[in-house]
Amino acid sequence: MPTVNPLIAPSMLAADFLHLAKDVELVNEHADLFHLDIMDGVFVPNISYGFPVVEAIASAARKPLDVHLMIVQPEKYIERFARLGVSMLSFHLNATDKPAQALLHIREAGMKAGLVINPDMPVESLYPYLHLCDYIILMSVYAGFGGQKFIEDTFDRIRTLKAEIERQSLPVKIEVDGGVSPANAKALLEAGAEILVAGSAVFKAEDPASVMNAMRN
Ligand code: DX5
Ligand code: ZN
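Residues numbered from 1 in each chain as written. Chains lettered and ligands numbered in written order. Predicted model: local features only at pLDDT ≥ 70, side-chain atom pairs only at ≥ 80, totals over all residues. Heavy atoms only, no water.

A.B. asks: Give a description of the coordination of the zinc ion (ligand 2) that names residues and reports values.
C.D. replies: Around the zinc ion (ligand 2), the protein supplies His 35 (NE2), Asp 37 (OD), His 68 (ND1) and Asp 177 (OD) as donor atoms, at distances of 2.0 to 2.2 Å. Note that the zinc ion (ligand 2) binds six donor atoms; their angles at the metal cover 70 to 170°, and the shape is octahedral. (Donors = N, O, S within 2.8 Å, 3.2 Å for Na, K, Ca; no water. Tetrahedral: all angles 85-135°; square planar, octahedral: opposite > 155°, others 65-115°.)

Here you go:
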């Protein structure tokens, strides 16, 4: 059984950008975090959105912003996201030569620091940095696009990482991102995840509110 209340983090990548205010309100009312995917077309083959959109969401958000950077040189933009009022800032382990420094910098800027890995990177590669992280994002699809199929291997990866976090007695939370829906939410929480990101499952649904509630229960 999950021991904590999960945090539900809808990915705004799947929102309706012509009616963004409506989808921001849905998250304000029914979820816990705004998950914002920043892609640069270099670290990943896709480009998502940038500062003007983050700023617009920030101006209406009543829940914390969880920004997932899929960009090269993430350290360049730490201060800028802090100034926008972002609460959680994460970047990919292989996006910089100096992950430890970037994690410290994020914390110094007053945000929670997260490290992200794609499904083909061993969870062991995170171990030297866990004490510098407030959370880890385990990608359950390859970063770059919404709407991909969940990779089943993720359950074992969560369990392995969770065991190491406990061995080191750290308060690090595990976030899972990609292909998450009410169909796998319970099993992910049971494996040790505490934060669930969901884009398509929420915003492409007939009734997004009920999907968010279903993932929590
Ligand atoms: C993928 C992004 C995810 C994505 C999730 O690169 O990091 O946050 O938007 O979307 P779904 O839930 O549709 O897989
Ligand atoms: Zn993401």
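A.B. asks: So what's going on with the environment of Ser 140? Residues and values would help.
C.D. replies: Within the secondary structure, Ser 140 sits in the loop between strand 6 (135-139) and helix 5 (154-167). Separated by 35 residues in sequence, Ser 140 and Glu 175 place their C-alpha atoms 10.0 Å apart. Not counting the four nearest positions on each side in its chain, Ser 140 is found in contact with Pro 119, Lys 149, Phe 150, Ile 151, Thr 154, Val 176, Asp 177, Gly 178 and Val 180. (Helix = DSSP H or I, 4+ residues; strand = E, 2+ residues; numbered from the N terminus. Contact = heavy atoms within 4.5 Å.)

A.B. asks: Now, about the site of ligand 1: what can you tell me, with residues and values included?
C.D. replies: Surveying the vicinity of ligand 1 reveals 20 residues, the closest of which are Gly 144, Gly 147, Asp 177, Gly 199 and Ser 200. Between an oxygen atom of ligand 1 and a side-chain N or O atom of His 68, the distance comes to 3.2 Å. Starting from 380 Å² of accessible surface for ligand 1 in isolation, the protein chains cover 98%. For the shell around ligand 1, the secondary-structure elements that each account for two or more residues are strand 2 (34-39), strand 3 (65-70) and strand 8 (195-198). (Near = heavy atom within 4 Å. Polar contact = N/O pair within 3.5 Å; in protein donor to acceptor, adjacent residues only side chain to side chain. Areas by Shrake-Rupley, 256 points an atom, 1.4 Å probe, with all protein chains shown as cover.)

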